[in-house]
Amino acid sequence: EANMMNLSRSVALISLFLLPLLSFSFSVDNPTDRRVLVLLDDLSLKSSHSIFFSTLKSRGFDLDFKLADDSKLALQRYGQYLYDGLIIFAPSTERFGGALDSKSIADFVDSGRDLILSADTSASDLIRGIALECGVDFDEDSSAMVIDHSSFSLSDGDHTLIAADDLVKSDVILGKTKIEAPVLFRGVAHSLNPTNNLVLKVLSASPSAYSANPSSKLSSPPQLTGSAISLVSVMQARNNARVVISGSLQLFSDRLFRSGVQKAGSPNKYEKSGNEQFATELSKWVFHERGHLKAGSLVHHRVGETDEPAIYRIKDDLEFSVEILEWSGRSWEPYVADDLQVQFYMMSPYVLKTLSTDKKGMFHTSFKVPDVYGVFQFKVEYEKLGYTTLSLSKQIPVRPYRHNEYERFIPTAYPYYGACFTTMAGFFVFSFVYLYHK
Amino acid sequence: MLAVKVSTVLGSKTAALNVKLAQALSSGSKGSVINNQELKFDADSATYFLDSFPENFDVGKYTFVFEILLDESAQEKLYITEAQTKIPIAATGAISIENAEIAVLDGDVGSVESQKKLDLTKDGAVSLSANHLQKLRLSYQLNTPLGHVFKPHQAFLKLKHESQVEHIFLVKTSGKKSELVLDFLGLVEKLYYLSGKYEIQLTIGDASMENSLLSNIGHIELDLPERPEKAAQPPVQPTDPYSRYGPKAEISHIFRVPEKLPAKQLSLVFLGLIVLPFIAFLIGLTRLGVNIKSFPSSVGAATSALLFHGGIGAVLNIKALSLLGVFLSFVGHSTLSHLASASNKLKSA
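Residues numbered from 1 in each chain as written. Chains lettered and ligands numbered in written order. Predicted model: local features only at pLDDT ≥ 70, side-chain atom pairs only at ≥ 80, totals over all residues. Heavy atoms only, no water.

**A look at the overall build of chain B**
Then, in step 1: Helices and strands together make up the secondary structure of chain B, namely five helices and 17 strands.
Then, in step 2: Counting every position in chain B, which comprises 349 residues, the buried fraction comes to 35%.
Then, in step 3: With an accessible surface of roughly 21,500 Å², chain B has 58% of that area assigned to carbon and sulfur atoms. (Helix = DSSP H or I, 4+ residues; strand = E, 2+ residues; numbered from the N terminus. Buried < 20%, exposed > 50% of the residue type's maximum accessible area, 1.4 Å probe, protein only. Areas by Shrake-Rupley, 256 points an atom, 1.4 Å probe, with all protein chains shown as cover.)

Written out as structure tokens, the structure reads:
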């Protein structure tokens, strides 16, 4: 009995200890990540990439720096995740220390948490394996780098420092301000699995780029060439976890942040490369400070009524409205868009309408219920480049006309009514006449 | 001009030194182009420089070997870290491209079927056609400013099919010129038996080449045999991400059109036609001179007669049918029997 008491007391203590941990992670109401684990293969990265880390800290992130082979590494304790985000700047690490491995990182992303992964001029099999889980294929040749003889930075003699400006056109991923200066990149190439719908190239190489060893002659055509080479890619999983995969760790370094850039063949000389703006905006997206949508109430009712009916009749006129909010990094703001659509769906959509918005977060439309009866669903399936996916549905049955809801006294039937009544009237008159005629 | 800065380990200025470029080893050839060239010191910028290179210093990759010696006038307490410092240098220059041409050759004989000269500094609009029995030949000459043959690191010919499937071939340089011959007979399987329009793109580049280029030469219409069943399928191409996420086309339900009914006027006309016989009946009755004289005069009989006819009217109204039916049978019997007895009386009397 004493043992049981001790056990329950210790369980209570442990859960008390866990409570503060729980309140400091991201939640449905506050989707921005808080605690981020940063794995480095060399602690000097803390200073060589200090600008990037300090911009993260200034936005309120709690960074925990650890060496990649630290034996006390753990992402979870007692079944709860300790971190909301993970940054792996350890391109040459072959094995993580502690409880981390490729599978635990895959589980981390599966739980809805975010990841920034970067390779560099070398990428270990471990890093390649994690990238492969996310649909990203690094060049198999471990000595290959991205070379571009037309799109390199003039300060580089080797043509391996790429000045890339083929950015994805997305305000939500890269911010509203256009990145004017090219982004400097030196590292390995990767390509995306063409059948994977969840990955996206954020920074692509130019058509003259190729992935090869710069110090040896090519004996066979390279596997990766042209715009098929992705320099930085992102993936948004179906559970809205976001992953950024970069082929260059130097892209995030202070040296390239501060460096000026002039692209070969272009007269424009920029004082500062686009790297800092690119890395900052991308980190805002990956840690859910932007592009995270939430749906409020989904309301439908007949025109003229306010309550939601339990069942609709065919050919009823109904009104549908839904509230969508967007996380601004600090608060929920109304979402404004003109491409949100609702489906009235039973096995296939019978009605698909674009919702109009009052710009305050409410989206509404109205339509007539189809003349097919059954159990329908109001479905909002919203997928937009860079935004979290919305998948809402509400079920509602639809019944046919009751026997007394049909049309009555149709004009076409007047002759038949006439026939009926004249017969009755004739009989009535006849009964009088026949009996009392003399 | 080559400028070299020498500093102490901590980065500060040094005393007078003697900096010499001992060798400039080219990656391609043996032997050094420059030997023991002393660099001059420029006090204003504190650099050692070499302002002219020998005439045979060509474009390409070199390893410069520097030797630093202490000047005689220097003090004894200075030490030099390395005897020789090797630095990789890429000497860049504009490479000339001459005699660029593309041709379609006939089968084994190798005779030229069509040949076009190319200007690789800009995109062209060459239009060729070939079948699987022919060959495609691309040739050009790359020369350094000093006239030597230049072998670039990157020399790709890319054939891109309408379906976005791409194939890359290396253009090899041997002897005086660079040439690529594509024998379509042997390439049919590699090209996945895809016939159609292929865009031709040539990319030439090197770290020492200042004028690396990418030229869209034109296109070639390839006629390849049909794909046999066991041949490999061309790889899946990625979908355009911008079109992946667009809004879907709107669907509005087409309601079942009710059967077409005749016009209202037509129905009214027929109503009139139906009522006509009834009116004719009434007119006919009056013409016949019907009357209702033998309506019973006594109160009891009269009321039951009225109720009888009222009951018929009510029945015709089809309400409370069953009760009426019962009621009607009683009342009817009484009236009719009364009538029958009345007529019996008449008959007997």
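Further notes follow.
**A word on the overall build of chain A**
Then, in step 1: On a plain count of helices and strands, chain A comes out with nine helices and 28 strands.
Then, in step 2: For a compact globule of 438 residues, the expected C-alpha radius of gyration is about 22 Å, and chain A comes in at 32 Å, more than 25% above that figure.
Then, in step 3: Counting only C-alpha atoms and orienting by the principal axes, one finds that chain A spans roughly 135 × 80 × 40 Å.
Then, in step 4: Taken across its 438 residues, chain A has 53% of its residues classed as buried.
Then, in step 5: A sequence separation of at least 24 residues applies to 71% of the contacts in chain A between residues at least 6 apart. (Rg over C-alpha atoms; globule rule 2.2 N^0.38 Å. Contact = heavy atoms within 4.5 Å.)

**A look at helix α9 (residues 414–436) of chain A**
Then, in step 1: With 23 residues, α9(A) should reach 33 Å at 1.5 Å per residue; the first-to-last C-alpha distance of 33 Å fits that figure.
Then, in step 2: All buried positions along α9(A) are accounted for by A:Pro415, A:Gly418, A:Thr422, A:Met424, A:Gly426, A:Ser431, A:Val433, A:Leu435 and A:Tyr436. (Expected span 1.5 Å × (residues − 1).)

**Some details on the sheet that holds strand β1 (residues 2–4) of chain B**
Residue and element names in this part refer to chain B.
Then, in step 1: An order of β1-β5-β4 is seen for the three strands of this open sheet, with the pairing classed as antiparallel. The open sheet has two free edges, formed respectively by β1 and β4 (40–42), since each of these has just one partner strand. Ignoring strand direction, the axes of neighbouring strands in this sheet form an average angle of 35°.
Then, in step 2: Bridge analysis of β4 against strand β5 (residues 47–50) gives three bridges, and the strand direction is antiparallel. By the bridge assignment for β5, Asp42 is matched with Thr47. (Pairing = 2+ DSSP bridges. Axes fitted to C-alpha atoms, helices over the stretch in contact; angles between N-to-C directions.)

**Description of empty space enclosed by the protein**
Then, in step 1: One pass over the structure, following the stated rule, counts one cavity of 30 Å³ or more.
Then, in step 2: Looking at the largest cavity, its volume works out to about 40 Å³.
Then, in step 3: Looking at the largest cavity, the residues that line it are A:Ile147, A:His149, A:Asp158, A:Tyr210, A:Pro214, B:Lys61, B:His153, B:Asp206 and B:Ala207.
Then, in step 4: Looking at the lining of the largest cavity residue by residue, the classes come out as four nonpolar, two polar and three charged. (1 Å grid on protein atoms, 1.4 Å probe; cavity = no way out; pocket = protein on both sides within 12 Å on 5 of 7 lines; lining within 4 Å. Points joined across faces, edges and corners; volume = space filled by probe spheres on them. Nonpolar A, V, L, I, M, F, W, Y, C, P; charged D, E, K, R; others polar.)

**A closer look at the packing of α9(A) against helix α3 (residues 264–288) of chain B**
Then, in step 1: Between α9(A) and α3(B), the least distance of the axes is 8 Å, while the angle of their chain directions is 10°. The orientation of α9(A) relative to α3(B) falls into the category roughly parallel. Across the interface between the two elements, A:Tyr414, A:Pro415, A:Gly418, A:Ala419, A:Thr422, A:Ala425, A:Gly426, A:Val429, A:Phe430 and A:Val433 of α9(A) pack against B:Ser267, B:Leu268, B:Phe270, B:Leu271, B:Ile274, B:Val275, B:Phe278, B:Phe281, B:Leu282 and B:Leu285 of α3(B).
Then, in step 2: Counted by class, the contact of α9(A) with α3(B) contains 16 nonpolar, four polar and no charged residues. (Parallel < 35°, antiparallel > 145°, perpendicular 65-115°, else oblique.)

**Overview of the sheet that holds strand β3 (residues 32–38) of chain B**
Pairing between the strands of a sheet is mediated by backbone hydrogen bonds and can be parallel or antiparallel.
All names here are of chain B.
Then, in step 1: Read across the sheet, four strands follow the order β3-β2-β6-β7 without closing on themselves; strand pairing throughout is antiparallel. Each edge of the open sheet is held by one strand with a lone partner, namely β3 and β7 (84–91). Each strand of the sheet is rotated relative to its neighbour by a mean of 20°, with strand direction disregarded.
Then, in step 2: Of the pairings in the sheet, the one linking strand β2 (residues 17–26) to strand β6 (residues 60–70) comprises nine bridges and is antiparallel in character. Note on β6: the bridge partner recorded for Leu17 is Leu70.

**Notes on the interface of chain A and chain B**
Then, in step 1: Each side of the interface is counted separately: chain A has 70 residues, and chain B has 66 residues.
Then, in step 2: Summing both partners gives a buried area of about 5,500 Å² for chain A against chain B, and 67% of it is carried by carbon and sulfur.
Then, in step 3: The tally of links from chain A across to chain B stands at zero salt bridges.
Then, in step 4: Between chain A and chain B we count 16 residue pairs in polar contact (both at pLDDT 80 or more) in total. (Buried area = accessible area lost by both parts, 1.4 Å probe. Salt bridge = Lys/Arg side-chain N within 4 Å of Asp/Glu carboxyl O. Polar contact = N/O pair within 3.5 Å; in protein donor to acceptor, adjacent residues only side chain to side chain.)

**Re the side chain of A:Ser208**
Then, in step 1: Residue position: A:Ser208 is located in the loop between β13 (199–204) and β14 (209–212).
Then, in step 2: Of note is the side chain of A:Ser208, whose polar atom sits 2.8 Å from the side chain of A:Asp148.
Then, in step 3: Within the structure, A:Ser208 has its side chain in polar contact with the side chain of A:Ser150 (distance 3.4 Å).
Then, in step 4: Ignoring anything within four residues of it in the chain, the contact list for A:Ser208 reads A:Ile147, A:Asp148, A:Ser150, B:Gln154, B:Thr203 and B:Leu214.

**Some details on the packing of aromatic side chains**
Residues and elements named next belong to chain A.
Then, in step 1: As enumerated under the stated definition, the model contains 23 aromatic pairs over all chains in all.
Then, in step 2: Consider the rings of Tyr81 and Phe108, whose centres lie 5.5 Å apart with planes at 75°: the pair is edge-to-face. Linking Tyr81 in strand β4 (residues 80–81) with Phe108 in helix α4 (residues 102–110), this pair joins segments that are 27 residues apart in sequence.
Then, in step 3: Overall, the relative accessible area of 0% leaves Phe108 in the buried class. (Phe/Tyr/Trp six-rings, centres within 6.5 Å; stacked < 30°, edge-to-face > 60°.)

**Here's the deal with the nonpolar core**
The nonpolar side chains of a soluble globular protein tend to be buried with one another.
Then, in step 1: In terms of nonpolar packing, the biggest core is built from 76 residues, with A:Phe89, A:Phe278 and A:Phe378 touching the most fellow members.
Then, in step 2: In terms of residue count, the dominant contributor to this core is helix α8 (residues 275–286) of chain A (five residues).
Then, in step 3: Here A:Phe278 is in contact with A:Leu167, A:Leu174, A:Ile179, A:Val183, A:Val202, A:Leu203, A:Val232 and A:Leu251, once residues within four sequence places are set aside.
Then, in step 4: Ranked by size, the runner-up nonpolar core spans 40 residues in total, among them B:Leu128, B:Phe169, B:Phe184 and B:Tyr193. (Core = buried A, V, L, I, M, F, W, Y, C linked by side-chain atoms within 4.5 Å.)

**Here's the deal with a nonpolar patch on the surface**
Then, in step 1: Together, B:Leu266, B:Val269, B:Phe270, B:Leu273, B:Leu276, B:Ile279 and B:Ile283 line one region of the surface with nonpolar side chains, adding up to about 630 Å² of accessible area.
Then, in step 2: Tracing the backbone through its elements, the reader meets B:Ile283 in helix α3. (Patch = residues over 30% accessible without salt bridge, like charges linked within 9 Å, V, L, I, M, F, W, Y side chains within 5 Å.)

**A few points about the UniProt feature "transmembrane region" (unreviewed entry) in chain A**
Then, in step 1: UniProt marks residues 414–436 of chain A with the feature "transmembrane region" (unreviewed entry), using the numbering shown here.
Then, in step 2: As annotated, residues 414–436 of chain A comprises 100% helix and 0% strand, and the C-alpha atoms at either end are separated by 33 Å. (UniProt positions renumbered as here; feature names shortened; annotations may be inferred.)

**Structural notes on the packing of helix α3 (residues 50–58) of chain A against α8(A)**
Residue and element names in this part refer to chain A.
Then, in step 1: At a minimum axis distance of 11 Å, the contact between α3 and α8 shows a crossing angle of 40°. Seen along the crossing, α3 lies across α8 with a hand that is right-handed. Here α3 contributes Ile51, Phe52, Thr55 and Leu56 to the contact with α8, which in turn contributes Glu276, Ala279 and Ser283.
Then, in step 2: Taken together, the residues that form the contact of α3 with α8 break down as four nonpolar, two polar and one charged. (Left-handed = near helix turned anticlockwise from the far one by under 90°.)

**Re unusual backbone geometry**
Residue and element names in this part refer to chain A.
Then, in step 1: One non-glycine residue, His159, lies in the positive phi region at around 60°.
Then, in step 2: Position of His159 among the secondary structure elements: in the loop between β8 (145–148) and β9 (162–164).
Then, in step 3: His159 gets classed as buried once you look at its relative accessible area, which sits at 3%.
Then, in step 4: Unusually for a residue other than glycine, Lys315 sits at a positive phi of about 65°.

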